[in-house]
Each structure stands twice: as C-alpha cells, then as structure tokens.
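# Structure at a glance
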Amino acid sequence: MGLQILGTGRAVPSRCVTNDDLAKTVDTSDEWIATRTGIRQRYFCAEGETVAALSAEAARLALARAGLSAADVGLCVAATFTADHATPSLACEAHALLGLPESAPAFDVNAACTGFLTALETARCFLAASHLASPVALVIGAEAVSRVLDFADRSTCVLFGDGAGAAVVRLSDAHPYACRLGARGDVKLLHAGGAGSGDRFLHMDGREVFRFATDIIPRTIHAVLGDAGLSLDDVDLVVCHQANGRIIDHVVKKLGVPAGKFYKNMQRYANTSAASIPLALDELFETGTLRPGMRVVCVGFGAGLTWGGALVTI
Ligand code: ACO
C-alpha cells in the first residue's frame with residue numbers, strides 16, 4: 001500500500017542569522033561558509049521560541065493545506081533530537097498545542113537527520129497495521145539545533161539552523177511508495193548532548209561525515225529505486241537532507257545526473273536535521289514544483305549513523 005501526502009507546512013524561528021552576522025562572533029566568513037557548504041543564512045530560536053510551537057505552526061499549515069482539522073488526525077509522530085523536554089515527547093507537546101484527539105497516539109523518533117523519513121515510515125506502518133481512530137497521520141520533523149551548538153567550534157557551528165516541517169499523510173493505492181532505512185552504530189563521528197555525554201554540544205568529524213554521506217546517498221537511492229523497479233530517469237526530483245551543497249554536488253557527479261534533479265535550499269536554512277526534508281517538500285509544494293503523478297526520492301543521513309530513502313508519489 002502506498003502513501004499520499006495530503007498537505008505540508010513549515011515554520012522557522014523569528015531570528016535570521018546570515019553568515020556575516022555569524023562572523024561578528026565566530027572566526028569565520030561568508031566566503032568560507034558559502035564556498036564550503038552553499039549556506040548563506042539560517043534561523044535560530046530566540047529566547048522563548050520553542051520547538052513545540054514551531055512544530056504546531058508547521059502542522060497547522062499542513063492540516064489547512066490538506067483541508068483537514070486537528071480532529072481528523074489519527075496519529076502524530078515527531079522526529080527530533082532537540083526537543084524542548086526529554087519527556088514528554090515533542091509529539092505530545094504538539095498534540096496539546098494542536099488539540100489533537102485523545103484517540104491519536106503521539107510519540108517521537110530520534111534518527112537525527114534521517115528522522116523525518118523514519119517517522120514517515122513509522123507512520124505508514126502504523127496506518128497499515130494499527131487500529132487508529134482516523135486513517136490520517138501527522139508527521140513532524142523539527143529541531144532547535146542552535147541549542148546544542150558550540151560556538152567555539154567554528155567548523156561545526158556554522159552548518160546548522162532551526163526549523164520545523166510537517167506532512168499530513170494517509171495510505172493510498174494510487175500513490176506508490178518504497179522505503180529503505182539503515183543504521184550503523186558509530187557515536188564518535190557525530191553526537192550531541194544527553195544526560196550521560198558530559199556536555200550538551202554537537203560534535204562532528206566533518207570530513208568523515210562527508211565521506212559517509214557521499215557514499216551512502218547514491219547507494220540508498222539505488223536501493224529504493226531497485227525495490228520500486230525504477231531508475232533515476234523515472235524520477236522527477238531528488239530531495240536530499242540539506243546538510244551541505246558540496247555533498248549534493250559530489251553525489252550528482254557520482255550518479256551522472258543533471259544537477260537540477262537535486263533540490264537545494266540549504267542556502268536559506270542551513271542544516272535543520274530532521275526538519276530539512278519536510279521544509280524542502282513544503283517549499284516545492286508551495287512553488288507548484290511538485291505536481292500530481294511526480295515521483296520524488298527523499299534521502300536522509302546523519303548521526304547514528306543512520307540513513308534512509310523514500311520514493312514518494314505526489
Ligand atoms: N570558517 C573559516 N575557517 C574554517 C571554518 C570556518 N567556519 N571551519 C574550519 N575552518 C578552517 C579550518 O580550521 C582549517 O584551517 P587550517 O587548514 O588552517 O587548519 C580549514 O578551514 C579547513 O578545515 P577542514 O575541516 O579541513 O575543512 P573542509 O574543507 O573539510 O570543510 C566541512 C569542513 C564544511 C565541515 C566539511 O568537512 C563538510 O562539509 N563535512 C560534512 C559535514 C556535514 O555536512 N555534516 C552534517 C551531515 S549529518 C547531519 O546532518 C547531522
């Protein structure tokens with residue numbers, strides 16, 4: 001059974017921080033960041049702005065675009081590693097802000113930058129196998145990565161931003177879907193915070209993560225398309241996790257496809273981890289780029305290590 005996206009939404013915090021803004025307090029420059037990553041600006045939560053509020057804002061837009069209300073939601077799954085509280089979950093906080101029905105279960109998944117695709121696949125499995133009161137799921141990817149950035153570590157702090165994206169989905173035979181998820185335990189390469197870690201900051205071996213990403217993305221795309229019996233020529237657009245423009249450029253070169261097939265918006269948001277794929281999808285719906293019948297492959301990769309790909313039919 002396939003999956004149909006009924007509506008999407010996105011939200012970013014009020015504070016936009018350009019590379020030049022960052023260079024006032026961090027030993028860096030717009031030139032270095034833009035050349036190495038494609039990033040020009042990001043949004044950071046200001047005092048009082050919460051991941052839950054961003055999630056609810058994105059979810060309200062997604063529900064409105066789907067022509068549905070909170071009462072129609074049968075399940076809420078959120079992906080994050082920077083929720084406002086360790087517990088209750090971000091999904092429960094969004095549940096409360098949105099006024100979702102008590103019959104709708106709500107929980108988080110943490111697969112870092114693969115979080116949204118993991119949440120989407122989890123929602124699909126629940127819709128197919130569980131007794132939910134409504135066949136509609138709300139899937140959220142939201143982060144305030146700025147809260148775990150060490151601004152003394154210039155090679156990492158310039159790469160990330162905050163934001164939220166949401167999608168309202170239901171099962172549909174008319175919307176073919178395939179998904180592959182994978183994981184390999186490796187804490188050293190990329191990790192952040194947690195009560196047992198000693199500090200709250202995000203630490204990353206940028207070069208190794210770059211190597212991992214440029215290897216796993218093409219393999220994941222081929223695996224998902226293989227499951228669906230399709231080739232890249234059958235796909236209209238690839239939406240990768242928006243970590244770094246150079247990672248996408250490497251993948252485009254490796255696969256020998258036109259660069260325009262891979263969407264890029266990291267210049268506006270930087271790397272928003274679990275929010276990056278739904279943020280991108282929402283922009284693509286808003287601009288009318290995504291039209292019924294189109295095939296989109298979404299690919300995520302991140303801490304864990306985790307990775308995942310999903311073929312979505314619009
Ligand atoms: N501004 C200016 N100079 C900098 C900065 C900065 N922000 N950061 C590092 N430098 C300097 C370094 O100190 C070094 O200087 P040196 O040669 O005098 O020692 C020089 O720039 C080169 O540093 P490298 O770390 O070797 O730079 P590299 O070209 O590898 O680029 C980067 C670093 C951009 C982090 C790259 O490794 C990368 O893109 N990695 C992928 C990281 C990523 O995208 N992770 C997220 C994916 S997973 C997830 O989303 C959680």
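Our subject is the structure listed above.
All values reported here derive from a predicted model rather than from experimental measurement.

Checked against the element boundaries, Ser146 lands in the loop between β6 (136-144) and α6 (154-157). Ignoring any residue separated from it by four or fewer positions in sequence, one finds Ser146 in contact with Phe44, Cys45, Phe151 and Asp162.

The next point concerns the site of the ligand. Surrounding the ligand, one finds 25 residues, the nearest of these being Thr28, Cys113, Arg207, Asn244 and Asn271. One of the backbone nitrogen or oxygen atoms of Gly206 is found 2.8 Å away from a nitrogen atom of the ligand. Contact distances for the ligand include 2.8 Å between an oxygen atom and a side-chain N or O atom of His241. Within the complex, 75% of the 1,000 Å² of free accessible area of the ligand lies under protein. Judged by its atoms lying within 2 Å of the grid points, the ligand is housed in the largest pocket. The set of elements that each furnish at least two residues to the shell around the ligand consists of α2 (30-37), α6, α7 (206-228), α8 (245-255) and β12 (295-302).

Moving on, we come to helix α4 (residues 90-98). An α-helical turn contains 3.6 residues, so a residue and the one three or four places further along point in the same direction. Among all positions of α4, only Leu90, Ala91, Glu93, Ala94, His95 and Leu98 are buried. The inward-facing, buried residues of α4 contact α3 (51-66), β4 (75-79), β5 (106-109) and β6. Positive backbone phi, approximately 70°, marks Gly99, located one or two places after α4.

Now for the pattern of salt bridges. All told, the structure shown has 14 salt bridges when counted by the stated rule. Close ionic contact of Asp215 with Arg219 constitutes a salt bridge, the shortest N to O distance being 2.9 Å. Here Asp215 and its partner Arg219 are both found in helix α7, four residues apart, which amounts to about one turn of the helix. Judged by its relative accessible area of 34%, Asp215 is partly exposed. Judged by its relative accessible area of 48%, Arg219 falls in the partly exposed class. Several salt bridges converge on common partners, so that one network encompasses Arg10, Arg65, Asp282 and Glu286.

This brings us to unusual backbone geometry. Omega for the peptide link from Thr87 to Pro88 comes to 5°, which places this bond in the cis form. By the secondary structure assignment, Pro88 is in the loop between β4 and α4. At Ala112, a residue that is not glycine, the phi angle is positive and equals roughly 50°. On the secondary structure map, Ala112 appears in the loop between β5 and α5 (115-129). Phi angles above zero are rare outside glycine, and Ser273 is one such case at about 50°. Tracing the chain through its elements places Ser273 in the loop between α9 (266-269) and α10 (276-286). For Ser273, a relative accessible area of 1% corresponds to the buried category.

Time to look at α10. Counted residue by residue, α10 has nine buried out of eleven residues, so it is predominantly covered. Buried residues of α10: Ser276, Ile277, Pro278, Leu279, Ala280, Leu281, Asp282, Glu283 and Leu284, and no others.

As a further point, take the packing of α3 against α4. Two elements in contact, α3 and α4, have axes separated by 9 Å at closest approach and are oriented at 60°. By the angle between their directions, the pair α3 and α4 is classed as oblique. Remark: the crossing between α3 and α4 carries right-handed chirality. Counted together, Val51, Ala52, Ala53, Ser55, Ala56, Ala59 and Arg60 of α3 and Leu90, Glu93, Ala94, Leu97 and Leu98 of α4 form the full contact between these two elements. Grouping the constituent residues of the contact of α3 with α4 by class yields nine nonpolar, one polar and two charged.

Among the structural elements, Leu190 can be located in strand β9 (residues 190-192). Sequence separation of Leu190 and Gly206 is 16 residues, and the distance between their C-alpha atoms is 8.6 Å. Beyond its immediate stretch of four places on either side in the chain, Leu190 contacts Leu202, His203, Met204, Val209, Gly302 and Ala303.

Turning to the pairing of β4, a few remarks are in order. With respect to burial, β4 is a largely interior element, five of its five residues being buried. Every second residue of β4 is oriented toward a common face, with Leu75, Val77 and Ala79 on one face and Cys76 and Ala78 on the other, all of them buried. As paired strands, β4 and β6 are joined by five bridges and run parallel to one another. From the neighbouring strand, Val77 faces β6, where its bridge partner is Val139. For β4 and β5, the ladder comprises four bridges, and the chain directions are parallel. Opposite Ala79, over in β5, you have Val109 as the bridge partner. Where the polypeptide runs from β4 across α4 and back to β5, its parallel neighbour, the crossover connection is right-handed.

What counts and what doesn't
- Residues numbered from 1 in each chain as written.
- Predicted model: local features only at pLDDT ≥ 70, side-chain atom pairs only at ≥ 80, totals over all residues.
- Heavy atoms only, no water.
- Helix = DSSP H or I, 4+ residues; strand = E, 2+ residues; numbered from the N terminus.
- Contact = heavy atoms within 4.5 Å.
- Near = heavy atom within 4 Å.
- Polar contact = N/O pair within 3.5 Å; in protein donor to acceptor, adjacent residues only side chain to side chain.
- Areas by Shrake-Rupley, 256 points an atom, 1.4 Å probe, with all protein chains shown as cover.
- 1 Å grid on protein atoms, 1.4 Å probe; cavity = no way out; pocket = protein on both sides within 12 Å on 5 of 7 lines; lining within 4 Å.
- Sits in = over half its atoms within 2 Å of the grid points.
- Buried < 20%, exposed > 50% of the residue type's maximum accessible area, 1.4 Å probe, protein only.
- Salt bridge = Lys/Arg side-chain N within 4 Å of Asp/Glu carboxyl O.
- Axes fitted to C-alpha atoms, helices over the stretch in contact; angles between N-to-C directions.
- Parallel < 35°, antiparallel > 145°, perpendicular 65-115°, else oblique.
- Left-handed = near helix turned anticlockwise from the far one by under 90°.
- Nonpolar A, V, L, I, M, F, W, Y, C, P; charged D, E, K, R; others polar.
- Pairing = 2+ DSSP bridges.
- Right-handed = clockwise from strand over helix to strand, strands pointing away.

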